[in-house]
Amino acid sequence: MNIKNLILTTTLAVSLNASAQQDNRGALQSFNFIELQGGGMMTVTNGNVGTGLIRPVAAFSVGRYFTPEFGMRLHVDGWQAKNKFEGETYKWKYATGNIDCLFNMTQLLDNSKKGHPLNFILLCGIGAAKIWDAEEVKTYTDFNKQKLVHNLRAGMRLETNMAKPVGLSLEIDANNIGTHFQSQHNNFSDWMFSAMLGVSVRFGHKFSTVKPAAVAVAPRVAEPQPVKETPVQPEVKKETPAPAVAFHEEIFYKIRGSQPSEADMEKLQRAADYLKQHPTATIIVVGYADKGTGTPAVNMKYSEKRAATVKDILVNKYGADAGRISIAAKGDTVQPFPENDLNRVSIIDGTTKK
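It should be emphasised that the depicted structure is a prediction, and the values quoted were computed from it without experimental measurement.

Caption draft 1: Looking closely at the nonpolar core. Counting residues in hydrophobic clusters, the biggest one holds 20 residues, and the most contacted among them are Leu268, Leu275, Ile283, Val310, Leu314, Ile325 and Ile348. Secondary structure elements with two or more residues in this core: β9 (247-252), α3 (262-277), β10 (282-288) and α4 (296-316). In terms of residue count, α3 provides more of this core than any other element does, six residues in total. Other than its neighbours up to four places away in sequence, valine 310 contacts Tyr253, Leu268, Val285, Ser346 and Ile348.

And the structure:
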């Protein structure tokens, strides 16, 4: 699989996963990312500047934001560099590898939102630069004796909403780099400046859980009613119907599971006993799936299978009357519990007729 197909596949997988997450998620906590960048770079030394020295640069990085405010990345960039010596230009190939720290200043100044449309990020890092194919060098110095030099980086980034699975960025960097990078033999470091546009794929997002706020209902005050005298009626005794007896149990599952655990089999035994003890009772089994995993279509199939499996066990293992058991499936359209993993559940409710 080539790099293009790998990026497309990863982007699709992350997008599908994001579509299945809860709508009531809270603030962003952490996430991972990979990024591809491309743009231009220019080396500056001995007064040599100008658009003629701008060369293409490409970069790849992987990293993680441990908090919304702070992250780190492993960043590799390079391609071809260019400089002048005594009026003539020469080129060579290079690559730099850096470990960079990322500081999201937008999040540091305002962390009250779930995701900012645009983030301003400061970065700094340390690493090394490697050079090769330097045959065009016009000065014969220590260039070929030292091809690995230091690289110190500082820069800034603008990046789109980090809570989304795919993002765009603009990055400008200044690199302080060893003098041998440009075939110089003095004791002064050189500078390399770069500007790049990037596309990043974010995955493994973690969000805080938001519980729905309870709505306070004011007590209803009954208005005073006029007292009416009613004629005394002879007392008629009526038979009081037997009170309805309710039944409720919850069967929880592991991810992608539809078979009750050994501990939950006792709950199914109680459901079967309830039907036998109350000849007029009926029960309904409703299957659910969590929004945090899968897709709506897949989750609907899991919820259907969970409800059907419960009914099958009640009828075939415990001898319950199939005609008094109904089933339903909600998929991930209804989430009965605030905690995501608890929504992999079948809920059994039963009532008796008065």
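Caption draft 2: Layout of the confidence of the model for the chain. Averaged over every residue, the pLDDT of the chain is 82; the share at 70 or more is 74%. Per-element confidence in the chain ranges from a low mean pLDDT of 52 for helix α1 (residues 3-19) to a high of 95 for strand β2 (residues 55-65). Here residues 14-23 is a poorly scored stretch, pLDDT under 50, and it has 18 contacts once near neighbours within four places are set aside; other chains count. Here residues 140-144 scores under 50 on pLDDT; set against residues more than four positions off or in separate chains, the count is 10 contacts.

Caption draft 3: Structural view of the pairing of strand β12 (residues 345-351). Across the seven residues of β12, five count as buried, placing the element largely inside the fold. As paired elements, β9 and β12 share six bridges and run antiparallel to each other. Note on β12: the bridge partner recorded for histidine 248 is aspartate 349. For β10 and β12, the ladder comprises six bridges, and the chain directions are antiparallel. Within β12, the residue paired with glycine 287 across the bridge is serine 346.

Caption draft 4: A look at the packing of α3 against α4. At a minimum axis separation of 10 Å, α3 and α4 run at an interaxial angle of 60 degrees. Considering their axes alone, α3 and α4 lie oblique with respect to each other. Like other packed secondary-structure pairs, α3 and α4 cross with a definite hand, here right-handed. For the pair α3 and α4, the contacting residues are Met265, Leu268, Ala271 and Ala272 in the first and Val310, Ile313 and Leu314 in the second.

Caption draft 5: Geometry of the sheet that holds strand β11 (residues 325-331). Taken in spatial order, the four strands line up as β9-β12-β10-β11 in an open sheet, and their pairing is mixed. The open sheet terminates on both sides in strands that have one partner only, identified here as β9 and β11. Neighbour-to-neighbour, the strand axes of the sheet open up by a mean angle of 15 degrees, direction not taken into account. Along the sheet, α3 contacts β9, β10, β11 and β12; its crossing angle with β9, the most-contacted strand, is approximately 155 degrees.

Caption draft 6: Structural view of the pairing of strand β5 (residues 118-132). Bridge count for strand β4 (residues 88-104) against β5 is 12 bridges, and the pairing is antiparallel. Within the sheet, the bridge partner assigned to aspartate 100 lies in β5 and is glycine 125. Pairing between β5 and strand β6 (residues 148-160): 13 bridges, direction antiparallel. Bridge pairing in β6 links glycine 127 to asparagine 151.

Caption draft 7: Representation of α3 within the structure. Helix length check: α3 (16 residues) gives 23 Å between terminal C-alpha atoms against 22 Å at 1.5 Å per residue, within 8%. If you follow the buried residues of α3, they end up packed against β9, β10, α4, β11 and β12.

Caption draft 8: Looking closely at the pattern of salt bridges. All told, the structure shown has 13 salt bridges when counted by the stated rule. Salt-bridge contacts for arginine 73 lead to glutamate 171; the nearest nitrogen and oxygen are separated by 2.8 Å. Within this pair, whereas arginine 73 is found in strand β3 (residues 70-85), its partner glutamate 171 is found in strand β7 (residues 166-177), the two being separated by 98 residues in sequence. Here the two residues arginine 73 and glutamate 171 agree in accessibility, since each one is buried. A salt bridge links arginine 157 to glutamate 159; the nearest nitrogen and oxygen atoms lie 2.8 Å apart. Each member of the pair arginine 157 and glutamate 159 is classed as buried. Within the structure, one salt-bridge network assembled from shared partners comprises Glu35, Arg73, Asp77, Asp100, Arg153, Arg157, Glu159, Glu171, Asp173 and Arg202.

Caption draft 9: Quick look at the packing of aromatic side chains. For the structure shown, the criterion picks out eight aromatic pairs. Look at phenylalanine 66 and phenylalanine 70: their rings are 6.4 Å apart centre to centre, the planes differ by 25 degrees, and that puts the pair in the stacked class. Residue classification places phenylalanine 66 among the partly exposed positions, given a relative accessible area of 47%. Of the residues examined, phenylalanine 70 reaches a relative accessible area of 26% and is grouped as partly exposed. Joined through ring pairs, the aromatic side chains of Phe31, Phe33 and Tyr65 make up one cluster.

Rules used throughout
- Residues numbered from 1 in each chain as written.
- Predicted model: local features only at pLDDT ≥ 70, side-chain atom pairs only at ≥ 80, totals over all residues.
- Heavy atoms only, no water.
- Core = buried A, V, L, I, M, F, W, Y, C linked by side-chain atoms within 4.5 Å.
- Buried < 20%, exposed > 50% of the residue type's maximum accessible area, 1.4 Å probe, protein only.
- Helix = DSSP H or I, 4+ residues; strand = E, 2+ residues; numbered from the N terminus.
- Contact = heavy atoms within 4.5 Å.
- pLDDT = per-residue confidence, 0-100.
- Pairing = 2+ DSSP bridges.
- Axes fitted to C-alpha atoms, helices over the stretch in contact; angles between N-to-C directions.
- Parallel < 35°, antiparallel > 145°, perpendicular 65-115°, else oblique.
- Left-handed = near helix turned anticlockwise from the far one by under 90°.
- Expected span 1.5 Å × (residues − 1).
- Salt bridge = Lys/Arg side-chain N within 4 Å of Asp/Glu carboxyl O.
- Phe/Tyr/Trp six-rings, centres within 6.5 Å; stacked < 30°, edge-to-face > 60°.

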